[in-house]
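# Chain and residue survey
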Amino acid sequence: TQRISSWAVTFALVMVSSAFMADAAIPDPSDAPSCTIEEYGAARLSGEFTRRTAPETTSGGVRLYGRIEITEHTREIKATKGAAIGLAHLFRNIPLSEELDLVVTHPPMRRSDGTMSTGFTTKWSPDHEFTIYGLDHDYEIVKGEWRFQYRFRGVVLCAQEFLTY
């Protein structure tokens, strides 16, 4: 019995020791990359912007605004030319030297070149505080579900859905 009990004590110490080591290896959740959608809805395009070519997007380009205005907090957006879908978001614990993936899915659209699109993925900087999608082209005036999703290293940090009607 002496031999069995010393083995049991040794096994128990190894298990306790392993548990403490496992706790030490668990990262603090407050340090994890995260995203918070602070506001969303119908938005207004205003002010100065820069445009970058982004052939992977439905329209072929991305406009970057310093600020946008959410004019109505809603998930439902009337699909009219000039309307815009907007989000204000905050990314935390993502190095500025890295990028997120902005994944946008939308109802099927036939672009001016005749190709179909149901969405796109583009690179997004963690220092961007706003996302806005303007319905600028006739082919973008479609009804249905839209989803804006922000991913970092393949993990979805946050998402917001809209309905155009």
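Within every chain, residues take consecutive numbers counted from 1 along the sequence as written. Residue-level local features of this predicted model are given only where pLDDT is at least 70; pairs of side-chain atoms are given and counted only at 80 or more, and the full residue set underlies all totals for whole chains, interfaces and linings. Values shown for side chains rest on all heavy atoms present in the structure; no hydrogens or waters enter the calculation.

### A look at the pattern of salt bridges
The line we're drawing: The term salt bridge refers to a pairing of a side-chain nitrogen on Lys or Arg with a carboxyl oxygen on Asp or Glu at a separation within 4 Å. Every helix listed is a DSSP run of H or I at least four residues long, and every strand listed is a run of E at least two residues long, numbered separately from the N terminus. The buried label applies to any residue whose accessible area, calculated with a 1.4 Å probe on protein chains only, is under 20% of its type's maximum; exposed applies above 50%, and partly exposed to all values in between.
Under the defined criterion, the tally for this structure stands at six salt bridges. For the salt bridge of Glu 145 with Arg 75, the shortest nitrogen-to-oxygen distance reads 3.5 Å. Placement of Glu 145 in strand β10 (residues 144-152) and of Arg 75 in the loop between β4 (69-72) and β5 (76-77) is noted, with a sequence separation of 70 residues between them. Glu 98 is the partner of Arg 153 in a salt bridge, and the nearest nitrogen-oxygen pair spans 2.6 Å. Taken as a pair, Arg 153 in the loop between β10 and β11 (155-164) and Glu 98 in the loop between β6 (84-92) and β7 (100-110) lie far apart in primary sequence, 55 residues in all. A relative accessible area of 24% means that Glu 98 is categorised as partly exposed.

### A closer look at the nonpolar core
Convention followed: In this description, a nonpolar core means a group of buried Ala, Val, Leu, Ile, Met, Phe, Trp, Tyr and Cys residues linked to one another through side-chain atoms lying within 4.5 Å.
Core analysis: the biggest nonpolar cluster contains 27 residues, and Leu 100, Trp 146, Phe 148 and Tyr 150 have the highest contact counts within it. Of all elements in the fold, only β1 (34-44), β6, β7, β8 (116-124), β10 and β11 reach the threshold of two or more residues within this core. Within the second largest apolar cluster, seven residues are counted, among which are Ala 43, Ala 88, Phe 130 and Ile 132.

### A few points about the layout of surface pockets
We apply this condition: As defined here, a cavity is a set of points on a 1 Å grid over the protein atoms alone where a 1.4 Å probe fits but cannot get out. A pocket is an open set with protein on both sides within 12 Å along at least five of seven lines, and residues line them when an atom is within 4 Å of a point. Grid points are joined across faces, edges and corners, and a volume is the space filled by probe spheres set on the points. Residue type decides the class: Asp, Glu, Lys and Arg count as charged, Ala, Val, Leu, Ile, Met, Phe, Trp, Tyr, Cys and Pro as nonpolar, and the leftover types, Gly among them, as polar.
Taken as a whole, the largest pocket spans an internal volume of roughly 260 Å³. Every residue lining the largest pocket is counted, 19 residues in all, and those nearest its centre are Gly 61, Val 62, Arg 63, Ile 132 and Tyr 133. Those elements giving two or more residues to the lining of the largest pocket turn out to be β3 (61-65), β7, β8 and β9 (130-134). Among the elements that line the lining of the largest pocket, the one with the most residues is β9, at four residues. Residues of the lining of the largest pocket, tallied by class, amount to eight nonpolar, seven polar and four charged.

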